[in-house]
Amino acid sequence: MSGRLSDLTWRELDARVAEGPPILFLPTGALEQHGPHLPLGTDAMLPALLAERVAAEIGGLVAPTLPYGYKSQPKSGGGNHMQGCASLDANTYILMVRDLICDFARHGLTRIVLFDGHMENQMFLTEAADLALRALKGEGIEEVRIVKLGYWVMIDEPLEETLFPEGLISWELEHAAVMETSVMLHLRPDLVRTDLIPDHPPAAFPPYDVYPFDPGSVCHSGALSSAAGATAEKGRAVVEGLVPALARQIAEAFPAP
Ligand code: ZN
Ligand code: MN
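Residues numbered from 1 in each chain as written. Chains lettered and ligands numbered in written order. Predicted model: local features only at pLDDT ≥ 70, side-chain atom pairs only at ≥ 80, totals over all residues. Heavy atoms only, no water.

(A) Geometry of the coordination of the zinc ion (ligand 1). Donor atoms from the polypeptide that bind the zinc ion (ligand 1) are H34 (NE2), D43 (OD), E180 (OE) and E180 (OE), placed at 1.8 to 2.8 Å. Taken as a pair, the zinc ion (ligand 1) and the manganese ion (ligand 2) lie 3.5 Å from each other and share D43 as a ligand. Of this pair, D43 sits in helix α2 (residues 42-58) while E180 is found in helix α7 (residues 178-187), placing the two residues 137 residues apart along the sequence. The class of D43 is buried, set by a relative accessible area of 3%. (Donors = N, O, S within 2.8 Å, 3.2 Å for Na, K, Ca; no water. Helix = DSSP H or I, 4+ residues; strand = E, 2+ residues; numbered from the N terminus. Buried < 20%, exposed > 50% of the residue type's maximum accessible area, 1.4 Å probe, protein only.)

In structure tokens:
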């Protein structure tokens, strides 16, 4: 049977839940510029594609991806002023995720993974989980467990060395750079403009943030560091390394129902 929640009928889902609630993945992304070479939906596509593979290993379900996220930040995504970014205010975002968690849990889907592909969402996912648990407790629904992670956190040292033989600069500056480009070259090569892959020094920022942000204060391609080292083989190594590692960690995070 399909691992996509939206492919099931309500009766099929009811039967799955009655057997013991499956682990439900909610991929969370963003519509955000990803340099001259990657599509705006990169941060939504990657967690969606990975979640399907991880869920298949552990008998989980994948909910439809939340394709919009919190605002792109200059130091980790280029900034929300850039063309193609369409984002949600934090309040809106938190409440959307809270509402989804609550409704999943009310229908017995009480084992939820917030499976993130966009760094800026992270603390707002934490807040959504917190507000959802509080609301559900008030309704007498207490058997809820939520796991939150960015898929990239499972990239271990050997994988990091494969990706960055010369060393990782920082995960923030990896935006639209070697990791995301490599995984896209492996999973969605049709969407990578290989002739436009940028090669330039990492963006430089002051140690503080300034509001309003001055778009002229930084000159970059939209990628925050070079993507020239990206290859489909590296992307394959990431996917083949991450999927079993994520499956193991996530299964361990949920006690058997
Ligand atoms: Zn990204
Ligand atoms: Mn992002």
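(B) Expanded view of the pairing of strand β1 (residues 24-28). Summarising burial for β1: five of the five residues are buried, a large majority. Side chains of β1 alternate between two faces, with L24, L26 and T28 and F25 and P27 buried alike. Here β1 pairs with strand β2 (residues 61-62) via two bridges, running parallel. When the bridges of β2 are listed, L24 appears paired with L61. Remark: the β1/α2/β2 crossover connection has right-handed handedness. Relative to strand β3 (residues 111-116), β1 is paired through five bridges, and the arrangement is parallel. When the bridges of β3 are listed, L24 appears paired with I112. (Pairing = 2+ DSSP bridges. Right-handed = clockwise from strand over helix to strand, strands pointing away.)

(C) Seen up close, α2. Taking 1.5 Å as the rise per residue, α2 with 17 residues should run 24 Å; its terminal C-alpha atoms sit 25 Å apart, in good agreement. Those residues of α2 not exposed but buried are T42, D43, A44, L46, P47, A48, L50, A51, V54 and A55. Along its buried surface, α2 packs onto β1, β2, β3, α7 and α8 (232-253). The positive-phi residue at the C-terminal boundary of α2 is G59, with phi of around 65 degrees. (Expected span 1.5 Å × (residues − 1). Contact = heavy atoms within 4.5 Å.)

(D) Structural detail: the layout of surface pockets. Space inside the largest pocket adds up to approximately 450 Å³. What lines the largest pocket is a set of 22 residues, among which Q73, P74, D209, Y211 and F213 lie closest to the centre. Partitioned by chemical class, the residues of the lining of the largest pocket number nine nonpolar, seven polar and six charged. Along its surface, the second largest pocket is lined by 16 residues, and F164, E166, G167, I169 and V178 are the ones closest to its centre. For the lining of the second largest pocket, a count of residues per class yields eight nonpolar, five polar and three charged. (1 Å grid on protein atoms, 1.4 Å probe; cavity = no way out; pocket = protein on both sides within 12 Å on 5 of 7 lines; lining within 4 Å. Points joined across faces, edges and corners; volume = space filled by probe spheres on them. Nonpolar A, V, L, I, M, F, W, Y, C, P; charged D, E, K, R; others polar.)

(E) Main features of the pattern of salt bridges. Scanning the entire structure with this criterion turns up eight salt bridges. The partner of D89 in a salt bridge is K71, and the shortest N-O contact between them spans 3.1 Å. Here D89 is found in the loop between α3 (74-77) and α4 (90-106), whereas its partner K71 is found in the loop between β2 and α3, with 18 residues between them in sequence. The exposure class of D89 is partly exposed, given its relative accessible area of 45%. Linking E240 and R236 is a salt bridge whose minimum nitrogen-to-oxygen distance equals 3.5 Å. In this pair, E240 and R236 are both assigned in helix α8, four residues apart and thus about one turn of the helix distant. (Salt bridge = Lys/Arg side-chain N within 4 Å of Asp/Glu carboxyl O.)

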